[in-house]
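The primary structure of each chain is shown beneath.
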Amino acid sequence: MNQTLDHDSQVLAQVAAAFHDPETIESIQPLGSGNVNDTHLVRAAGQNFVMQRLNTAVFRQPQQVMGNLLVLNRHVQAKLRANPAELQGRRWELPQVVGTRHGEHPWFQCQQGGFWRTITFVEQARSVDVIEGIPQARELGYGLGLFHHLISDLPPDQLADTLEGFHITPRYLEVYHRALVKSPLPASAGTDRCIAFIREREGLASVLEEAKQRGELSLRPIHGDPKINNVMLDINSGQAVALVDLDTIKPGLVHYDIGDCLRSCCNPLGEETSDIDAVHFDIDLAEAILTGYVSVARHFLTAADMAYIVDAARLISFELGLRFFTDHLAGNTYFKAAHPEHNLQRALVQFQLTASIEAQEQQLRAVVQQLQPQLPVAA
Ligand code: GN1
Ligand code: MG
(Lines give C-alpha, C1' and ligand atoms only; values in the text may rest on other atoms or scores of the structure.)
(Ligands and ions follow the chains in the order given, each with its own letter.)
Protein backbone atom coordinates (compact mmCIF):
# COMPACT_ATOMS: atom_id res chain seq x y z
CA MET A 1 0.00 0.00 0.00
CA ASN A 2 1.07 3.59 -0.68
CA GLN A 3 2.81 5.07 2.36
CA THR A 4 1.74 8.72 1.77
CA LEU A 5 -1.86 8.29 2.77
CA ASP A 6 -4.22 11.18 3.58
CA HIS A 7 -6.27 11.07 6.78
CA ASP A 8 -9.34 9.29 5.31
CA SER A 9 -7.13 6.77 3.58
CA GLN A 10 -5.35 6.11 6.85
CA VAL A 11 -8.65 5.37 8.53
CA LEU A 12 -9.66 3.10 5.66
CA ALA A 13 -6.34 1.28 5.85
CA GLN A 14 -6.75 0.84 9.59
CA VAL A 15 -10.25 -0.54 9.15
CA ALA A 16 -9.19 -2.87 6.34
CA ALA A 17 -6.39 -4.16 8.57
CA ALA A 18 -9.01 -5.31 11.07
CA PHE A 19 -10.24 -7.77 8.43
CA HIS A 20 -7.08 -8.57 6.44
CA ASP A 21 -3.36 -8.93 7.10
CA PRO A 22 -2.10 -5.43 6.16
CA GLU A 23 0.75 -7.01 4.21
CA THR A 24 -1.77 -8.52 1.82
CA ILE A 25 -3.90 -5.40 1.17
CA GLU A 26 -3.35 -4.23 -2.40
CA SER A 27 -5.92 -1.44 -2.84
CA ILE A 28 -8.98 0.27 -1.35
CA GLN A 29 -11.36 2.11 -3.67
CA PRO A 30 -14.83 3.65 -3.39
CA LEU A 31 -17.54 1.33 -4.75
CA GLY A 32 -21.08 1.92 -6.02
CA SER A 33 -23.49 4.78 -5.55
CA GLY A 34 -25.38 3.97 -2.34
CA ASN A 35 -27.42 6.79 -0.81
CA VAL A 36 -26.98 5.69 2.81
CA ASN A 37 -23.86 3.62 3.66
CA ASP A 38 -20.21 4.18 2.59
CA THR A 39 -18.88 1.35 0.47
CA HIS A 40 -15.33 0.43 -0.59
CA LEU A 41 -13.80 -2.33 -2.66
CA VAL A 42 -10.80 -3.84 -0.89
CA ARG A 43 -8.38 -6.07 -2.75
CA ALA A 44 -6.40 -8.31 -0.43
CA ALA A 45 -4.37 -11.45 -1.12
CA GLY A 46 -5.60 -11.44 -4.72
CA GLN A 47 -9.29 -11.40 -3.74
CA ASN A 48 -11.94 -8.67 -3.76
CA PHE A 49 -14.03 -7.73 -0.73
CA VAL A 50 -16.75 -5.17 0.00
CA MET A 51 -15.97 -3.10 3.09
CA GLN A 52 -18.78 -0.86 4.36
CA ARG A 53 -19.41 1.66 7.06
CA LEU A 54 -23.02 1.26 8.10
CA ASN A 55 -24.87 4.53 8.57
CA THR A 56 -25.81 4.19 12.23
CA ALA A 57 -28.13 7.21 12.07
CA VAL A 58 -30.27 4.97 9.82
CA PHE A 59 -29.41 1.51 11.15
CA ARG A 60 -29.48 2.28 14.85
CA GLN A 61 -28.74 -1.29 15.87
CA PRO A 62 -26.14 -2.42 13.36
CA GLN A 63 -25.44 -5.59 15.37
CA GLN A 64 -28.98 -6.69 14.51
CA VAL A 65 -28.32 -6.03 10.83
CA MET A 66 -25.35 -8.39 11.08
CA GLY A 67 -27.45 -10.93 12.97
CA ASN A 68 -30.04 -10.93 10.17
CA LEU A 69 -27.31 -11.45 7.58
CA LEU A 70 -26.08 -14.52 9.41
CA VAL A 71 -29.61 -15.96 9.78
CA LEU A 72 -30.25 -15.38 6.09
CA ASN A 73 -26.96 -16.97 5.13
CA ARG A 74 -27.55 -20.11 7.12
CA HIS A 75 -30.99 -20.56 5.63
CA VAL A 76 -30.07 -19.86 2.01
CA GLN A 77 -26.85 -21.89 2.03
CA ALA A 78 -28.80 -24.92 3.27
CA LYS A 79 -31.35 -24.45 0.47
CA LEU A 80 -28.66 -24.03 -2.16
CA ARG A 81 -26.93 -27.23 -1.05
CA ALA A 82 -30.08 -29.08 -2.11
CA ASN A 83 -29.63 -27.62 -5.64
CA PRO A 84 -33.25 -26.48 -6.12
CA ALA A 85 -34.76 -26.85 -9.59
CA GLU A 86 -35.51 -23.11 -9.67
CA LEU A 87 -31.80 -22.38 -10.11
CA GLN A 88 -32.19 -23.73 -13.65
CA GLY A 89 -28.47 -24.46 -13.74
CA ARG A 90 -27.41 -20.89 -12.95
CA ARG A 91 -24.90 -19.97 -10.28
CA TRP A 92 -26.48 -18.14 -7.35
CA GLU A 93 -24.47 -16.41 -4.68
CA LEU A 94 -25.03 -14.70 -1.38
CA PRO A 95 -22.37 -12.33 -0.08
CA GLN A 96 -20.71 -13.89 2.98
CA VAL A 97 -19.81 -12.08 6.18
CA VAL A 98 -16.02 -11.90 6.63
CA GLY A 99 -14.81 -12.07 10.23
CA THR A 100 -12.32 -9.71 11.85
CA ARG A 101 -8.80 -11.01 12.43
CA HIS A 102 -8.78 -10.55 16.19
CA GLY A 103 -12.20 -9.35 17.33
CA GLU A 104 -14.91 -11.39 18.89
CA HIS A 105 -17.52 -10.05 16.40
CA PRO A 106 -17.55 -9.94 12.61
CA TRP A 107 -17.52 -6.12 12.63
CA PHE A 108 -15.08 -3.42 13.60
CA GLN A 109 -15.80 -0.27 15.58
CA CYS A 110 -13.27 2.32 14.54
CA GLN A 111 -11.92 4.82 17.09
CA GLN A 112 -12.57 7.62 14.59
CA GLY A 113 -16.18 6.52 14.57
CA GLY A 114 -18.11 4.10 12.50
CA PHE A 115 -19.40 0.57 12.46
CA TRP A 116 -17.58 -1.35 9.75
CA ARG A 117 -18.04 -4.78 8.26
CA THR A 118 -16.70 -6.72 5.33
CA ILE A 119 -18.51 -9.12 3.02
CA THR A 120 -17.40 -11.12 0.00
CA PHE A 121 -17.61 -9.62 -3.49
CA VAL A 122 -19.66 -11.28 -6.23
CA GLU A 123 -17.10 -11.91 -8.97
CA GLN A 124 -17.71 -11.96 -12.72
CA ALA A 125 -20.87 -9.92 -12.30
CA ARG A 126 -22.04 -6.35 -12.85
CA SER A 127 -25.02 -4.22 -12.02
CA VAL A 128 -26.79 -1.55 -14.08
CA ASP A 129 -28.35 1.76 -13.01
CA VAL A 130 -30.60 1.91 -16.06
CA ILE A 131 -32.18 -1.10 -17.72
CA GLU A 132 -30.77 -2.27 -21.04
CA GLY A 133 -33.64 -4.23 -22.58
CA ILE A 134 -36.45 -6.75 -22.29
CA PRO A 135 -34.36 -9.92 -21.76
CA GLN A 136 -32.55 -8.16 -18.91
CA ALA A 137 -35.90 -7.10 -17.40
CA ARG A 138 -36.96 -10.74 -17.32
CA GLU A 139 -33.73 -11.66 -15.51
CA LEU A 140 -34.12 -8.85 -12.98
CA GLY A 141 -37.60 -10.15 -12.19
CA TYR A 142 -36.39 -13.74 -12.05
CA GLY A 143 -33.57 -12.73 -9.69
CA LEU A 144 -35.98 -11.12 -7.24
CA GLY A 145 -38.35 -14.09 -7.52
CA LEU A 146 -35.55 -16.57 -6.85
CA PHE A 147 -34.33 -14.55 -3.87
CA HIS A 148 -37.87 -14.51 -2.46
CA HIS A 149 -38.33 -18.19 -3.19
CA LEU A 150 -35.15 -19.11 -1.31
CA ILE A 151 -36.29 -17.23 1.80
CA SER A 152 -40.02 -17.90 1.52
CA ASP A 153 -39.81 -20.67 4.16
CA LEU A 154 -37.65 -18.70 6.59
CA PRO A 155 -39.99 -17.74 9.45
CA PRO A 156 -40.04 -13.91 9.46
CA ASP A 157 -39.85 -13.83 13.26
CA GLN A 158 -36.28 -15.15 13.02
CA LEU A 159 -35.32 -11.75 11.60
CA ALA A 160 -35.00 -8.60 13.69
CA ASP A 161 -36.86 -5.48 12.63
CA THR A 162 -33.75 -3.41 11.97
CA LEU A 163 -35.53 -0.40 10.49
CA GLU A 164 -38.81 0.18 12.23
CA GLY A 165 -41.36 1.81 9.94
CA PHE A 166 -39.42 1.03 6.76
CA HIS A 167 -41.90 1.05 3.84
CA ILE A 168 -44.84 1.83 6.12
CA THR A 169 -46.08 4.65 3.88
CA PRO A 170 -48.55 6.23 6.37
CA ARG A 171 -45.61 6.75 8.78
CA TYR A 172 -43.63 8.57 6.07
CA LEU A 173 -46.68 10.76 5.53
CA GLU A 174 -46.71 11.73 9.22
CA VAL A 175 -43.00 12.54 9.14
CA TYR A 176 -43.57 14.59 5.98
CA HIS A 177 -46.30 16.69 7.60
CA ARG A 178 -44.04 17.48 10.54
CA ALA A 179 -41.14 18.37 8.23
CA LEU A 180 -43.37 20.61 6.12
CA VAL A 181 -44.44 22.64 9.15
CA LYS A 182 -40.87 23.03 10.37
CA SER A 183 -39.06 23.55 7.08
CA PRO A 184 -37.37 26.92 6.68
CA LEU A 185 -37.22 26.52 2.88
CA PRO A 186 -38.93 29.20 0.78
CA ALA A 187 -41.67 27.98 -1.59
CA SER A 188 -40.58 27.23 -5.15
CA ALA A 189 -42.23 25.81 -8.27
CA GLY A 190 -40.68 22.41 -7.44
CA THR A 191 -41.79 22.31 -3.80
CA ASP A 192 -45.31 23.53 -4.71
CA ARG A 193 -45.54 20.75 -7.28
CA CYS A 194 -44.54 18.13 -4.71
CA ILE A 195 -46.88 19.44 -2.03
CA ALA A 196 -49.86 19.42 -4.42
CA PHE A 197 -48.95 15.94 -5.70
CA ILE A 198 -48.80 14.50 -2.19
CA ARG A 199 -52.03 16.24 -1.09
CA GLU A 200 -53.98 14.59 -3.92
CA ARG A 201 -52.70 11.12 -2.99
CA GLU A 202 -52.76 11.00 0.80
CA GLY A 203 -55.66 8.55 0.61
CA LEU A 204 -53.63 5.90 -1.15
CA ALA A 205 -50.84 5.77 1.43
CA SER A 206 -52.39 3.00 3.50
CA VAL A 207 -53.46 0.60 0.74
CA LEU A 208 -50.92 -2.13 1.60
CA GLU A 209 -51.00 -1.60 5.38
CA GLU A 210 -54.79 -1.94 5.40
CA ALA A 211 -54.63 -5.13 3.31
CA LYS A 212 -52.09 -6.43 5.84
CA GLN A 213 -54.35 -5.53 8.76
CA ARG A 214 -57.30 -7.26 7.08
CA GLY A 215 -55.17 -10.39 6.81
CA GLU A 216 -55.18 -10.37 3.00
CA LEU A 217 -51.41 -9.91 2.86
CA SER A 218 -48.97 -11.50 5.27
CA LEU A 219 -45.50 -10.74 6.57
CA ARG A 220 -42.62 -12.59 4.95
CA PRO A 221 -38.88 -12.08 4.92
CA ILE A 222 -38.04 -9.41 2.33
CA HIS A 223 -34.95 -7.79 0.84
CA GLY A 224 -36.22 -4.25 1.45
CA ASP A 225 -34.14 -2.53 -1.24
CA PRO A 226 -34.10 -4.64 -4.43
CA LYS A 227 -33.60 -1.66 -6.74
CA ILE A 228 -32.14 -2.29 -10.16
CA ASN A 229 -28.48 -1.89 -9.23
CA ASN A 230 -28.71 -4.28 -6.30
CA VAL A 231 -29.20 -7.22 -8.67
CA MET A 232 -25.89 -8.66 -9.91
CA LEU A 233 -25.87 -9.98 -13.47
CA ASP A 234 -23.31 -12.49 -14.75
CA ILE A 235 -20.95 -10.64 -17.11
CA ASN A 236 -21.09 -13.43 -19.68
CA SER A 237 -24.59 -14.90 -19.56
CA GLY A 238 -26.42 -11.80 -18.31
CA GLN A 239 -28.26 -14.03 -15.83
CA ALA A 240 -29.10 -12.70 -12.38
CA VAL A 241 -26.65 -14.33 -9.95
CA ALA A 242 -27.12 -12.47 -6.67
CA LEU A 243 -28.99 -9.77 -4.82
CA VAL A 244 -26.65 -7.55 -2.83
CA ASP A 245 -27.10 -4.78 -0.26
CA LEU A 246 -28.68 -7.06 2.32
CA ASP A 247 -28.94 -4.59 5.23
CA THR A 248 -32.66 -4.07 4.90
CA ILE A 249 -33.58 -7.75 5.09
CA LYS A 250 -36.37 -7.99 7.62
CA PRO A 251 -40.00 -9.02 7.94
CA GLY A 252 -42.23 -7.13 5.50
CA LEU A 253 -44.55 -7.49 2.52
CA VAL A 254 -43.12 -8.88 -0.71
CA HIS A 255 -45.04 -6.03 -2.29
CA TYR A 256 -42.52 -3.51 -0.99
CA ASP A 257 -39.87 -5.42 -2.93
CA ILE A 258 -41.96 -5.95 -6.06
CA GLY A 259 -42.88 -2.25 -6.06
CA ASP A 260 -39.26 -1.21 -5.60
CA CYS A 261 -38.11 -3.52 -8.37
CA LEU A 262 -40.76 -2.21 -10.78
CA ARG A 263 -40.25 1.47 -9.97
CA SER A 264 -36.47 1.26 -10.39
CA CYS A 265 -36.36 -1.04 -13.44
CA CYS A 266 -39.23 0.41 -15.50
CA ASN A 267 -37.94 3.98 -15.39
CA PRO A 268 -35.71 3.99 -18.49
CA LEU A 269 -34.16 7.37 -17.57
CA GLY A 270 -33.12 6.16 -14.11
CA GLU A 271 -33.82 7.76 -10.73
CA GLU A 272 -31.03 10.33 -11.05
CA THR A 273 -32.27 11.99 -14.25
CA SER A 274 -32.89 15.76 -14.29
CA ASP A 275 -35.21 15.48 -17.31
CA ILE A 276 -38.31 15.25 -15.10
CA ASP A 277 -40.98 15.72 -17.76
CA ALA A 278 -39.55 12.86 -19.85
CA VAL A 279 -39.80 10.33 -16.99
CA HIS A 280 -42.21 7.50 -17.71
CA PHE A 281 -43.02 3.97 -16.60
CA ASP A 282 -42.39 1.41 -19.37
CA ILE A 283 -45.13 -1.20 -19.30
CA ASP A 284 -43.33 -3.64 -21.64
CA LEU A 285 -40.46 -3.77 -19.18
CA ALA A 286 -42.95 -4.29 -16.35
CA GLU A 287 -44.50 -7.22 -18.21
CA ALA A 288 -41.08 -8.84 -18.70
CA ILE A 289 -40.12 -8.30 -15.04
CA LEU A 290 -43.36 -9.72 -13.73
CA THR A 291 -43.21 -12.68 -16.11
CA GLY A 292 -39.72 -13.50 -14.81
CA TYR A 293 -40.74 -12.88 -11.21
CA VAL A 294 -43.95 -14.93 -11.26
CA SER A 295 -42.31 -17.85 -13.09
CA VAL A 296 -40.43 -18.63 -9.86
CA ALA A 297 -42.49 -16.78 -7.22
CA ARG A 298 -45.62 -18.72 -8.20
CA HIS A 299 -44.54 -21.34 -5.67
CA PHE A 300 -45.52 -19.03 -2.81
CA LEU A 301 -47.63 -16.20 -4.28
CA THR A 302 -51.35 -16.15 -3.59
CA ALA A 303 -54.13 -14.63 -5.69
CA ALA A 304 -54.45 -11.87 -3.05
CA ASP A 305 -50.73 -11.14 -3.45
CA MET A 306 -51.26 -10.74 -7.19
CA ALA A 307 -54.20 -8.40 -6.63
CA TYR A 308 -51.97 -5.80 -4.95
CA ILE A 309 -49.01 -5.77 -7.37
CA VAL A 310 -50.16 -2.73 -9.32
CA ASP A 311 -50.94 -0.85 -6.09
CA ALA A 312 -47.44 -1.74 -4.89
CA ALA A 313 -45.74 -0.30 -8.00
CA ARG A 314 -47.67 2.93 -7.60
CA LEU A 315 -47.26 3.13 -3.84
CA ILE A 316 -43.52 2.45 -3.60
CA SER A 317 -42.78 5.05 -6.32
CA PHE A 318 -44.95 7.54 -4.45
CA GLU A 319 -43.39 6.60 -1.11
CA LEU A 320 -39.83 7.11 -2.36
CA GLY A 321 -40.82 10.49 -3.79
CA LEU A 322 -42.32 11.35 -0.41
CA ARG A 323 -39.14 10.22 1.39
CA PHE A 324 -36.87 12.22 -0.92
CA PHE A 325 -39.06 15.32 -0.63
CA THR A 326 -39.28 15.07 3.15
CA ASP A 327 -35.49 14.83 3.30
CA HIS A 328 -35.21 17.90 1.05
CA LEU A 329 -37.47 19.81 3.46
CA ALA A 330 -35.45 18.57 6.45
CA GLY A 331 -32.08 19.63 4.99
CA ASN A 332 -30.82 16.38 3.37
CA THR A 333 -30.01 14.49 6.54
CA TYR A 334 -30.91 10.97 5.36
CA PHE A 335 -30.05 10.57 1.65
CA LYS A 336 -26.61 11.74 0.55
CA ALA A 337 -27.10 14.77 -1.69
CA ALA A 338 -24.59 16.17 -4.20
CA HIS A 339 -26.30 19.59 -4.29
CA PRO A 340 -29.05 21.34 -2.28
CA GLU A 341 -31.83 20.54 -4.77
CA HIS A 342 -30.78 16.94 -5.32
CA ASN A 343 -33.47 15.29 -3.20
CA LEU A 344 -36.12 17.63 -4.63
CA GLN A 345 -35.13 16.54 -8.13
CA ARG A 346 -35.21 12.87 -7.08
CA ALA A 347 -38.67 13.40 -5.55
CA LEU A 348 -40.00 14.97 -8.75
CA VAL A 349 -38.69 11.98 -10.73
CA GLN A 350 -40.55 9.52 -8.49
CA PHE A 351 -43.75 11.57 -8.60
CA GLN A 352 -43.62 11.77 -12.40
CA LEU A 353 -43.15 7.99 -12.43
CA THR A 354 -46.12 7.57 -10.08
CA ALA A 355 -48.30 9.66 -12.40
CA SER A 356 -47.20 7.54 -15.35
CA ILE A 357 -48.14 4.35 -13.48
CA GLU A 358 -51.53 5.85 -12.64
CA ALA A 359 -52.11 6.73 -16.29
CA GLN A 360 -51.46 3.10 -17.29
CA GLU A 361 -53.20 1.43 -14.37
CA GLN A 362 -55.73 -0.55 -16.44
CA GLN A 363 -53.12 -1.87 -18.86
CA LEU A 364 -50.90 -2.87 -15.93
CA ARG A 365 -53.78 -4.68 -14.25
CA ALA A 366 -54.32 -6.59 -17.51
CA VAL A 367 -50.64 -7.61 -17.50
CA VAL A 368 -50.95 -8.97 -13.96
CA GLN A 369 -54.27 -10.66 -14.76
CA GLN A 370 -52.74 -12.54 -17.65
CA LEU A 371 -50.05 -13.93 -15.31
CA GLN A 372 -52.62 -15.32 -12.83
CA PRO A 373 -53.00 -18.71 -14.54
CA GLN A 374 -49.37 -19.44 -13.68
CA LEU A 375 -50.29 -19.72 -10.02
CA PRO A 376 -50.94 -23.20 -8.69
CA VAL A 377 -54.66 -23.86 -8.15
CA ALA A 378 -55.55 -23.10 -4.51
CA ALA A 379 -56.21 -26.21 -2.41
C1 GN1 B 1 -31.44 4.03 -0.28
O2 GN1 B 1 -28.47 3.48 0.08
P3 GN1 B 1 -29.18 2.81 -1.01
O4 GN1 B 1 -28.96 3.55 -2.30
O5 GN1 B 1 -28.88 1.35 -1.11
C6 GN1 B 1 -32.62 3.63 0.60
C7 GN1 B 1 -33.68 2.90 -0.22
C8 GN1 B 1 -34.09 3.74 -1.43
C9 GN1 B 1 -32.86 4.08 -2.26
C10 GN1 B 1 -33.20 4.97 -3.41
C11 GN1 B 1 -31.97 2.08 3.98
O12 GN1 B 1 -30.77 2.86 -0.69
O13 GN1 B 1 -34.83 2.65 0.57
O14 GN1 B 1 -35.03 3.06 -2.23
O15 GN1 B 1 -31.87 4.75 -1.43
N16 GN1 B 1 -32.16 2.77 1.69
C17 GN1 B 1 -32.53 3.00 2.97
O18 GN1 B 1 -32.14 5.05 -4.29
O19 GN1 B 1 -33.29 3.90 3.29
MG1 MG C 1 -29.64 -0.09 0.19
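One numbering rule holds for all chains: residues counted from 1, following each sequence as written. All chains are assigned letters beginning at A, and all ligands numbers beginning at 1, according to the order in which they are written. The model is predicted, so local features are restricted to residues of pLDDT at least 70 and side-chain atom pairs to those at 80 or more, both for listing and for counting; the totals for chains, interfaces and linings are taken over all residues. Side-chain measures were taken over the full set of non-hydrogen atoms in the model, leaving aside hydrogen atoms and water.

Let's hear about the coordination of the magnesium ion (ligand 2): which residues, and what values?
Coordination partners: N, O, S within 2.8 Å of the metal, 3.2 Å for Na, K and Ca; water not considered, so apparent gaps in a site are possible. Those protein atoms acting as donors to the magnesium ion (ligand 2) are Asp225 (OD) and Asp245 (OD), and they sit at 1.9 to 2.0 Å. In this pair, Asp225 is assigned in the loop between strand E8 (220-222) and strand E9 (231-234) and Asp245 in the loop between strand E10 (240-243) and strand E11 (250-252), connecting sequence segments 20 residues apart. The numbering of helices and of strands both runs from the N terminus, where a helix is a DSSP run of H or I of at least 4 residues and a strand a run of E of at least 2.

Tell me about the site of ligand 1, and please be specific about residues and values.
In the vicinity of ligand 1, 18 residues are found, and the nearest of them are Asn35, Lys227, Glu271, Arg323 and Tyr334. In the analysis that follows, any N or O atom pair within 3.5 Å is treated as a polar contact, provided that within protein one partner can donate a hydrogen and the other can accept it, and provided that, for residues neighboring in sequence, both atoms belong to side chains. At 2.8 Å from an oxygen atom of ligand 1 is found a side-chain nitrogen or oxygen belonging to Asn35. Considered on its own, ligand 1 offers 440 Å² of accessible surface; in the complex 95% of this is hidden by protein. For the shell around ligand 1, the elements supplying multiple residues, two or more each, are helix H7 (254-265) and helix H10 (309-329). Counting residues per element, the shell around ligand 1 draws most heavily on H10, at three residues. Note that Gly is not counted as nonpolar here; it falls among the polar residues with everything else outside the nonpolar set of Ala, Val, Leu, Ile, Met, Phe, Trp, Tyr, Cys and Pro and the charged set of Asp, Glu, Lys and Arg. For the shell around ligand 1, the residue count by class is eight nonpolar, three polar and seven charged. Marked domain ranges trace back to an automatic or database domain assignment. Taken domain by domain, the shell around ligand 1 gets at least three of its residues from each of domain 1 (9-121) and domain 2 (134-374). Any residue with a non-hydrogen atom lying within 4 Å of a molecule or strand is treated as near it. Surface exposure here means Shrake-Rupley accessible area, sampled with a 1.4 Å probe, where a residue is shielded only by the protein chains that are shown.

Would you mind going over H10 in detail, with residue names and values included?
Expected helix span is computed as 1.5 Å times (number of residues minus one). Over its 21 residues, H10 runs 30 Å from end to end, which matches the ideal 30 Å to within 8%, given 1.5 Å per residue. Categorising residues by exposure relies on relative accessible area from a 1.4 Å probe, with only protein chains included: less than 20% of the type maximum marks a residue as buried, more than 50% marks it as exposed, and the intermediate range marks it as partly exposed. Among the 21 residues of H10, 20 are classified as buried, and the element is accordingly described as predominantly covered. Of the residues one or two after H10, Gly331 is the one with positive phi, at around 90°.

An account of the pattern of salt bridges is needed here, citing residue identities and associated values.
The term salt bridge refers to a pairing of a side-chain nitrogen on Lys or Arg with a carboxyl oxygen on Asp or Glu at a separation within 4 Å. One pass over the full model with this rule turns up 23 salt bridges. Between Asp38 and Lys336 there is a salt bridge, with its nearest N and O atoms 2.9 Å apart. Of the two residues, Asp38 is situated in strand E2 (residues 38-44) and Lys336 in the loop between H10 and helix H11 (342-359); the sequence distance between them amounts to 298 residues. What makes Asp38 partly exposed here is its relative accessible area of 22%. The closest approach of N and O atoms between Arg365 and Glu361, which form a salt bridge, is 3.0 Å. Of this pair, Arg365 and Glu361 both sit in helix H12 (residues 361-371), four residues apart, roughly one helical turn.

Give me the packing of aromatic side chains: which residues, what numbers.
For Phe, Tyr and Trp, rings pair up if their centres lie within 6.5 Å, where Trp contributes its six-membered ring, and each pair is then called stacked (planes under 30 degrees apart), edge-to-face (over 60) or tilted (otherwise). Within the structure shown, the criterion is met by seven aromatic pairs. Taking the centre distance of 6.0 Å and the plane angle of 40° together, the rings of Tyr176 and Phe325 count as tilted. Of the two residues, Tyr176 sits in helix H4 (residues 169-182) while Phe325 sits in helix H10, which places them 149 residues apart along the sequence. Working rule: Lys NZ or Arg CZ, within 6 Å of ring centre, within 35 degrees of ring normal, means a charge sits over the ring. Residue placement shows Arg201 over the ring face of Phe197; its charged tip is 3.5 Å from the ring centre.

Limitation: the analysis is restricted to geometry and does not speak to function.
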